[in-house]
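Understanding the architecture of this molecule
One-letter residues, chain by chain:
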Amino acid sequence: MTVKAIVPFGDPILRKIARPVDTVNARAMKILDDMAETLYDSEGRAGLAAPQIGILRRLIVMDCGEGLIELINPEIVEMDGEQMGPEACLSYPGYYGYVKRANKVKVKTLNRQGQTVILEGEDYLARCMQHEIDHLNGILFVDHVRDGWLYHEETHQRIQLFPVIGLSNTGV
């Protein structure tokens, strides 16, 4: 397993739509393994999508405190309720913003055996699933920020969101 570099905001790959994984094979599993290693090397983070390491494939790894979850070609099939809360992103290091998301989601995905499974998430897990699936569609959490501000993780000092979104749309 290899720790990969995280693609920073402003890189056009973050705005591209990831392609489906055609076959769950050794290559897909190697990417998932590298993604898990990269996620666990990034303290305090819950999820990572393949475009964040420069790979335009529909792969996600997450750990919201209950162990590693891998998603292959995930799609949200059901959403319910709403929640508002802070979100951060490995591609936007040091900042967070307040985002409204569904409180419950149901996701259809493949597992490592290539079998279709349904995963349900609520609260923080639901937030994480939505955030990471957005990455596969070229959507970033800054696109959902409600109050127009990003906040520094340590100082909580705020910066206007509009110039940041301009940087993240480079090359779109």
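This text goes with the structure placed above it.
The present account deals with the structure reproduced in this document. Sequence order as written defines residue numbering, which begins from 1 separately in each chain. Per-residue local features of the predicted model are confined to residues with pLDDT of at least 70, and side-chain atom pairs are confined, for both listing and counting, to 80 or more; whole-chain, interface and lining totals are unaffected and use all residues. Just so you know, side-chain values use all the structure's heavy atoms and leave hydrogens and water out.

Structural notes on the pattern of salt bridges
Formally: Between Lys or Arg on one side and Asp or Glu on the other, a salt bridge is scored when a side-chain nitrogen of the former is within 4 Å of a carboxyl oxygen of the latter. Helical segments are the DSSP runs of H or I of at least four residues, strand segments are the runs of E of at least two, and each set is numbered from the N terminus. Burial classification: accessible surface area is computed with a 1.4 Å probe over protein chains only, and a residue below 20% of its type maximum counts as buried, one above 50% as exposed, and the rest as partly exposed.
Taken as a whole and judged by the stated rule, the model has 12 salt bridges. The shortest N-O distance in the salt bridge between Arg112 and Glu70 comes to 2.8 Å. Here Glu70 lies in strand 3 (residues 69-80) and Arg112 lies in the loop between strand 6 (104-110) and strand 7 (116-122), a separation of 42 residues in the sequence. The exposure class of Arg112 is partly exposed, given its relative accessible area of 24%. Here Lys106 makes a salt bridge to Glu120, at a shortest N to O gap of 4.0 Å.

Some words on the sheet that holds strand 8 (residues 149-152)
As a reminder, the rule being used: A pair of strands is considered paired only if DSSP assigns at least 2 bridges between the two. Convention adopted: a line fitted to C-alpha atoms gives each axis, helices being fitted over their contacting stretch, and angles between N-to-C directions are expressed from 0 to 180 degrees. By definition, residues are in contact when any of their heavy atoms lie within 4.5 Å.
One open sheet accounts for 4 strands, arranged 4-5-8-9; its pairing is antiparallel. The open sheet is flanked by strand 4 (83-89) and strand 9 (158-160), the only strands paired with a single partner. Strand after strand, the sheet turns through a mean of 35 degrees between neighbouring axes, direction not considered. As paired strands, strand 8 and strand 9 are joined by 3 bridges and run antiparallel to one another. Residue pairing for strand 9: Trp149 is matched across the bridge by Gln160. Here helix 2 (residues 124-136) sits on the sheet and contacts strand 4 and strand 5 (92-101); the angle it forms with strand 4, its principal contact strand, is near 50 degrees.

Quick notes on the side chain of Gln52
Here Gln52 is to be found in the loop between strand 1 (47-49) and strand 2 (59-62). Ignoring any residue separated from it by four or fewer positions in sequence, one finds Gln52 in contact with Ala5, Ile6, Val7, Leu14, Gly47, Cys89, Leu90, Ser91, Glu132 and His135.

Overview of the environment of Asp143
Under the convention used in this document: As used in this structure description, the phrase polar contact means that two N or O atoms lie within 3.5 Å; if the pair is within protein, one of them must be able to donate a hydrogen and the other to accept it, and residues adjacent in sequence are counted only when both atoms belong to side chains.
By the element assignment, Asp143 lies in the loop between helix 2 and strand 8. What Asp143 contacts, discounting residues up to four positions off in sequence, is Arg15 and Gly138. Among the polar contacts listed, one links the side chain of Asp143 to the side chain of Arg15, at a separation of 2.6 Å.

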